[in-house]
Amino acid sequence: MAYTVLLHIPGDLPVLGEVEELPKPTDTNVTVANPRQRDGKDLHYLEANVVKVIFPLEKVGMIEILESQEEEKIIGFVRE
């Protein structure tokens, strides 16, 4: 199962992408597939054909785990 995550890197734009598994406490890096800005635009410091980036976790301030599209469709509001 892939997770959509938002990496917050201090002093730079957040990075949106997918990871195969969430980092463990012993990990030193996180590999992000399809890295992009929150609005879907390319990141200015990456080449246009980059598909995966390995970020050192020491440079990441926070990781948000976002809801997948499938979960969003299954879980919704119910009127009573």
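A brief report on the enclosed structure follows.

1. Quick word on the nonpolar core
Link 1 in the chain: Core analysis: the largest hydrophobic core is formed by 11 residues, namely V5, L7, I9, V15, V19, V30, V32, L43, V53, F55 and V60.
Link 2 in the chain: Broken down by secondary-structure element, the contributors of at least two residues to this core are β1 (3-8), β2 (15-19), β3 (29-36) and β4 (52-56).
Link 3 in the chain: In contact with L7, other than residues within four places in its own chain, are P14, V15, V30, V32, F55, V60, M62 and I63.

2. Section: the pattern of salt bridges
Link 1 in the chain: Counted by the stated rule, this structure contains 3 salt bridges.
Link 2 in the chain: The salt bridge involving E18 is made with R36; its shortest N-O contact spans 2.9 Å. On the criterion of sequence distance, the pair formed by E18 in strand β2 and R36 in strand β3 is long-range, its members being 18 residues apart.
Link 3 in the chain: Judged by relative accessible area, E18 falls into the buried class, the value being 18%.
Link 4 in the chain: For K41, the salt bridge identified is with D39, shortest N-O distance 4.0 Å.
Link 5 in the chain: Residue D39 is classed as exposed on the basis of its relative accessible area, which comes to 51%.

3. Let's talk about the pairing of β4
Link 1 in the chain: Along β4, the buried face is formed by V53 and F55; none of K52, I54 and P56, which line the opposite face, is buried.
Link 2 in the chain: Examined bridge by bridge, β3 and β4 share 5 bridges and lie antiparallel to one another. Looking at β4, one finds that T31 is bridged to I54.

4. A short note on the environment of Y3
Link 1 in the chain: Structurally, the position occupied by Y3 is in strand β1.
Link 2 in the chain: We classify Y3 as partly exposed; its relative accessible area is 29%.
Link 3 in the chain: Taking the C-alpha atoms as reference points, Y3 and V32, 29 residues apart in sequence, are found 9.8 Å from one another.
Link 4 in the chain: Setting aside residues up to four positions removed in sequence, Y3 forms contacts with G17, E18, V19, E20, E21, L22 and I65.

5. Let's talk about a nonpolar patch on the surface
Link 1 in the chain: Together, L22, I63 and I65 make up an exposed nonpolar region whose accessible area comes to about 220 Å².
Link 2 in the chain: Structurally, I65 can be placed in strand β5 (residues 62-66).

The rules behind each value
- Residues numbered from 1 in each chain as written.
- Predicted model: local features only at pLDDT ≥ 70, side-chain atom pairs only at ≥ 80, totals over all residues.
- Heavy atoms only, no water.
- Core = buried A, V, L, I, M, F, W, Y, C linked by side-chain atoms within 4.5 Å.
- Buried < 20%, exposed > 50% of the residue type's maximum accessible area, 1.4 Å probe, protein only.
- Helix = DSSP H or I, 4+ residues; strand = E, 2+ residues; numbered from the N terminus.
- Contact = heavy atoms within 4.5 Å.
- Salt bridge = Lys/Arg side-chain N within 4 Å of Asp/Glu carboxyl O.
- Pairing = 2+ DSSP bridges.
- Patch = residues over 30% accessible without salt bridge, like charges linked within 9 Å, V, L, I, M, F, W, Y side chains within 5 Å.
- Areas by Shrake-Rupley, 256 points an atom, 1.4 Å probe, with all protein chains shown as cover.

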